[in-house]
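Structural features, examined
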Amino acid sequence: GPDSSSMVPGGSSGLPGGQLIEADDQTYWQVQYVVRRNSGLIYTPLKSTTLESESFVPLNATPVVETINDQWERHIFNEPCTPETEDQCFSRVRVEVP
């Protein structure tokens, strides 16, 4: 069957993964997912504090792109967040054909 597990940080397969991380005295909502290189698809990571469809907005962070091999790369987004006001975070990745 299909792989329905979330990707672990630094992984190379699975559904997009999200987690809170601390770096440089700042808290970030980190989202990681794999992308097929040169596919022509448009990947847009989205974040929300609820699961309501209309509440998801694009992440503003600039991605870090890591090459996995000649076909795949990992995209990592570190979006600043404030856990005191954002006590829940949910992510998804919208994939579109141009």
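Up top is the structure.
All of these numbers come straight from a predicted model, not from anything done at the bench.

1. Details of the pairing of strand β3 (residues 42-48)
- Of all seven residues that make up β3, five are buried, and the element is covered over most of its length.
- In this structure, β3 lies alongside strand β7 (residues 90-96), joined through seven bridges in antiparallel fashion. Looking across to β7, one finds that S48 is bridged to F90.
- Two strands pair when backbone bridges link them, and β3 and strand β4 (residues 57-58) are joined in this way by two bridges, in the antiparallel orientation.

2. Considerations on the nonpolar core
- Membership of the largest hydrophobic core is limited to nine residues, which are W29, V31, Y33, V35, L59, A61, F77, C81 and C89.
- Broken down by element, the residue count for this core peaks at four residues, all from strand β2 (residues 26-36).
- If sequence neighbours within four positions are ignored, C81 has contacts with L20, Q26, T27, Y28, W29, K47 and E86.

3. Observations concerning the pairing of strand β6 (residues 72-80)
- Bridge analysis of β2 against β6 gives nine bridges, and the strand direction is antiparallel. Looking at β6, one finds that V35 is bridged to E73.
- Bridging between strand β5 (residues 64-67) and β6 involves four bridges; their strand directions are antiparallel. Within β6, the residue paired with V64 across the bridge is I76.
- Here β5 folds back onto β6 in antiparallel fashion, the turn holding four residues.

4. Observations regarding the packing of aromatic side chains
- Inspection of the entire model under this criterion finds two aromatic pairs.
- With a centroid separation of 6.1 Å and an interplanar angle of 20 degrees, the aromatic rings of Y33 and Y43 are classed as stacked. Here Y33 is found in strand β2, whereas its partner Y43 is found in strand β3, with ten residues between them in sequence.
- Exposure remark for Y43: the relative accessible area of 22% places this residue in the partly exposed category.
- Centre to centre, the rings of Y33 and F77 are 6.0 Å apart; their planes meet at 10 degrees, and the pair counts as stacked. In this pair, Y33 is assigned in strand β2 and F77 in strand β6, connecting sequence segments 44 residues apart.
- Pairwise contacts between aromatic rings join Y33, Y43 and F77 into one cluster.
- In this structure, R92 packs its charged tip against the face of F56, placed 4.0 Å from the ring centre.

About the criteria used
Residues numbered from 1 in each chain as written. Predicted model: local features only at pLDDT ≥ 70, side-chain atom pairs only at ≥ 80, totals over all residues. Heavy atoms only, no water. Buried < 20%, exposed > 50% of the residue type's maximum accessible area, 1.4 Å probe, protein only. Helix = DSSP H or I, 4+ residues; strand = E, 2+ residues; numbered from the N terminus. Pairing = 2+ DSSP bridges. Core = buried A, V, L, I, M, F, W, Y, C linked by side-chain atoms within 4.5 Å. Contact = heavy atoms within 4.5 Å. Phe/Tyr/Trp six-rings, centres within 6.5 Å; stacked < 30°, edge-to-face > 60°. Lys NZ or Arg CZ within 6 Å of the ring centre and 35° of its normal.

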